[in-house]
Amino acid sequence: MHEKQANPTKKRAPMIRTHSHKQLPLSEFDWPFQVALDGNNRWVKMSQCIPWDELAEGYYQSLSKRQGRPAKDARLVIGAVIIKHKLCLSDDETVKQIQENPYLQYFVGLPGYQMEAPFASSLLVEIRKRMGSSVFEIFQGAIIHALEEAKAKQKPVQKSRSKSSGSDDEPPSSSGGTPQEEEPTHQGKLILDATVAPQAIRYPTDLSLLNEARQFSEQIIDELYPHTALQKKPRTYRQNARKAYLAIVKQRRPSGRARRRGIKQQLQYLRRNLGHIERLLAYWPEGASLPLPGWLLHRYWVVQHVYVQQWEMFQNKSRRCDDRIVSISQPYVRPIIRGKLDKAVEFGAKLSVSLTGDGMACVDQLRWNAFYEGGDLKGQVEAYKARYGVYPEAVLGDPVYGTQDNRRYLKRQGIRFAGKPLGRPKKVTEANREELKRLKAQRRAEYLQRIPIEGKFGQGKNGYGLNYIRARRADTSESWINSIFLVMNLLILLRIFFALILNGITGFLLPFIPGVKRKLTYFTKHYPVTVPFCLSGRGGVTY
C-alpha cells in the first residue's frame, strides 16, 4: 500500500509565534476613555442610590466649624471609606485605586479624571478617629430613610397592578371612598445575636507576652541611659534571657513544668529591668519631660501592668485575672470566651447586632470586655422603635435572650418572643395535641428565621474582613467595624433600589405576558419576601 504523502505546497500556521515583549510607548497606547463612561458600571449604580447629602450632614457634625484647615469634601471621604472596605484594601492601596480608576473618581465625587492622588493615605487614619459611633448612627438613619422611601415608591406600583389585574365587576366599598388604614404600632421582626470581631494580633501566651515586655524594657533602658550621669550601663542579661526564651518555645510540646520555669525566668529578668528604669528615672524631677517618645512611654505603662498581672497569676497558679492584657501594643483587647469548637477564645471587640427583615444590620453595642448579650434586648428594641417609629411584632434570638425579665418587658410592649416558653412543658392531651404540635412547628420555623443574621456575620467575616480588624487603636477599630456594616447595608439598599427600577419597568409588561401573573402569585404565596420582584433575562422571576 502506498502511504499518503503530505502536500509540500500547503502552508501551515507556525506552532510557535514570536512577538516582541517590548512595551509600546505611552503615546501609542490605546486610550479607551475618549468615550463616555459606562452607565452600567457597579460604582456608577451604587453612587446613584446612596443618600450623599444625608451622609455628609452626619460626617460634618464631627468637625469644628471654626478651627482647623478646610476639610475635604464629605463625599470624597465617605466614598473612600466605602471603597476601602468594599474591596478590602489597605489605606495606601485605596488611594492608589482611586488615583488610577476613573469610575472610582466618579464615585467619590471628583468633577473629572485627574492623575494625582486626591489625598494622602494617612488621612484615612484621621478619618477613622473622627467617625465615632454617633456619626455611624446618623449614617444608619439616612440609609433606613432611603430604604423606607424606596418602599413607599413601591406601594403605588403594586396598587396600580392590583387595580389593572382586578375584575371590573367588583363592587365598591359601602362608604363610597377608600377606607383609611390605621397606622400599625407593631411591624416587622427583629433578630438579635452577638459576635466577636477579632483583632489582628499574635495569639497571646504568657511566655511570649513576658518576652515582649522584657524587650520593651530593655529599649527603654537604652533610651534613658545616655541622658544620665552613670558611667556604666545597667546590665540586663538580654542575651541569656533570649536564649532561655528560645529554649522553651522551640520545643514542640513543652511540659507544664518547663513553661512555668520559663515564665519565672522572664519575670525575674523583667523585674530587674523595671528596677533599673526606676533608678534611671530618678535623674529627672517629677513633672519634667522624659527623653522617651510617646509611644514608648505608653508601652512602659503597659509593661508594668503586664508584670503585675503575670506575677499574680504565677503566685496563685491560676490562668485568669481581671482585665487581662493580651497585647502590649493594643492593651484594650480582652479575651472573649466563646466556647466554640474551633475557637474557644477570641481576642477582639464583642458586638450586639440586630437585624431587620429587610436585611439591615445595626451594631447596637460594641464593648471590649466580655458581657452578657441578653441584657441588651431592651435597648435594642427601643433603638428599633427610634429608627422605625414602631415596635417589632416579634423578637427572634437565642435562648439566652429569653430571660424572665426580658419576657415581661416584651409582654408589656405587646411584642412576641419567638422562643420556647419557660417552665415545665404542658401535659399532652387529646384536646391540646394539635395545638401543641402547631406551636412547636411555629417555634421551629421562627428559630430557622435566625439564619440570616448568622449569614450576615459570615458575609462580614469572610467577605469584608470582619474577622481581622487591622486598626491599632480602640476608636479606629470601632470605626473600622462600623464601616464594614455600613458597606453591607449599602449593598442591601443598592439591591432594593435597582430591583425597584426593574420592577417599574416590568410592571408595564406583566399584563401582556401570559402566565407571569400566575407564577408570581404562587411564588409570593409560598416564599414571602420584602424585595420587589422583576423578570430576569430568561423569563424567570428574580428579586
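Residues numbered from 1 in each chain as written. Predicted model: local features only at pLDDT ≥ 70, side-chain atom pairs only at ≥ 80, totals over all residues. Heavy atoms only, no water.

Re unusual backbone geometry
Okay, step 1: Backbone geometry places Tyr 237, a non-glycine residue, at a positive phi of 55°.
Okay, step 2: Topologically, Tyr 237 is positioned in the loop between α8 (206-224) and α9 (238-249).
Okay, step 3: Judged by its relative accessible area of 31%, Tyr 237 falls in the partly exposed class.
Okay, step 4: Even without a glycine there, the phi angle at Lys 317 is positive, about 55°.
Okay, step 5: Along the polypeptide, Lys 317 turns up in the loop between α11 (294-316) and β2 (335-337).
Okay, step 6: Assessed through its relative accessible area of 66%, Lys 317 is described here as exposed. (Helix = DSSP H or I, 4+ residues; strand = E, 2+ residues; numbered from the N terminus. Buried < 20%, exposed > 50% of the residue type's maximum accessible area, 1.4 Å probe, protein only.)

Here we look at the side chain of Thr 195
Okay, step 1: For Thr 195, the position within the fold is in strand β1 (residues 189-198).
Okay, step 2: Relative accessible area serves as the criterion here: at 2%, Thr 195 is assigned to the buried category.
Okay, step 3: There is a polar contact of 2.9 Å between the side chain of Thr 195 and the side chain of Lys 461.
Okay, step 4: Those residues in contact with Thr 195 that sit more than four places away from it in its chain are Arg 338, Ala 349, Lys 350, Leu 351, Phe 457 and Lys 461. (Polar contact = N/O pair within 3.5 Å; in protein donor to acceptor, adjacent residues only side chain to side chain. Contact = heavy atoms within 4.5 Å.)

Observations concerning the nonpolar core
Okay, step 1: Ile 50, Ile 82, Phe 107, Phe 139, Leu 351, Ile 481 and Phe 485 are the most contacted members of the largest nonpolar core, which has 78 residues in total.
Okay, step 2: Ranked by the residues each element gives to this core, the list is headed by helix α16 (residues 474-507), at 15 residues.
Okay, step 3: One finds Leu 224, Ile 248, Leu 281 and Ile 328 within the second-largest nonpolar core, a separate group that totals 28 residues. (Core = buried A, V, L, I, M, F, W, Y, C linked by side-chain atoms within 4.5 Å.)

Some details on the packing of helix α10 (residues 256-281) against α11
Okay, step 1: Where α10 meets α11, the axes come as close as 10 Å, and the angle between the chain directions of the two elements is 140°. Accordingly, the angle class assigned to the pair α10 and α11 is oblique. Judged by the sense of rotation from one axis to the other, the crossing of α10 with α11 is left-handed. For the pair formed by α10 and α11, the contact residues are Arg 260, Ile 263, Lys 264, Leu 267, Leu 270, Arg 271, Leu 274, Ile 277, Glu 278 and Leu 281 on the first element and Tyr 300, Val 303, Gln 304, Tyr 307, Gln 310, Trp 311 and Phe 314 on the second.
Okay, step 2: Per-class residue counts for the contact of α10 with α11 are 11 nonpolar, 2 polar and 4 charged. (Axes fitted to C-alpha atoms, helices over the stretch in contact; angles between N-to-C directions. Parallel < 35°, antiparallel > 145°, perpendicular 65-115°, else oblique. Left-handed = near helix turned anticlockwise from the far one by under 90°. Nonpolar A, V, L, I, M, F, W, Y, C, P; charged D, E, K, R; others polar.)

Re the environment of Pro 425
Okay, step 1: As for its placement among the helices and strands, Pro 425 is situated in the loop between β6 (416-417) and α14 (433-448).
Okay, step 2: Relative accessible area serves as the criterion here: at 61%, Pro 425 is assigned to the exposed category.
Okay, step 3: Each C-alpha atom of the pair Pro 425 and Leu 436 lies 9.9 Å from the other, and the pair is 11 residues apart in sequence.

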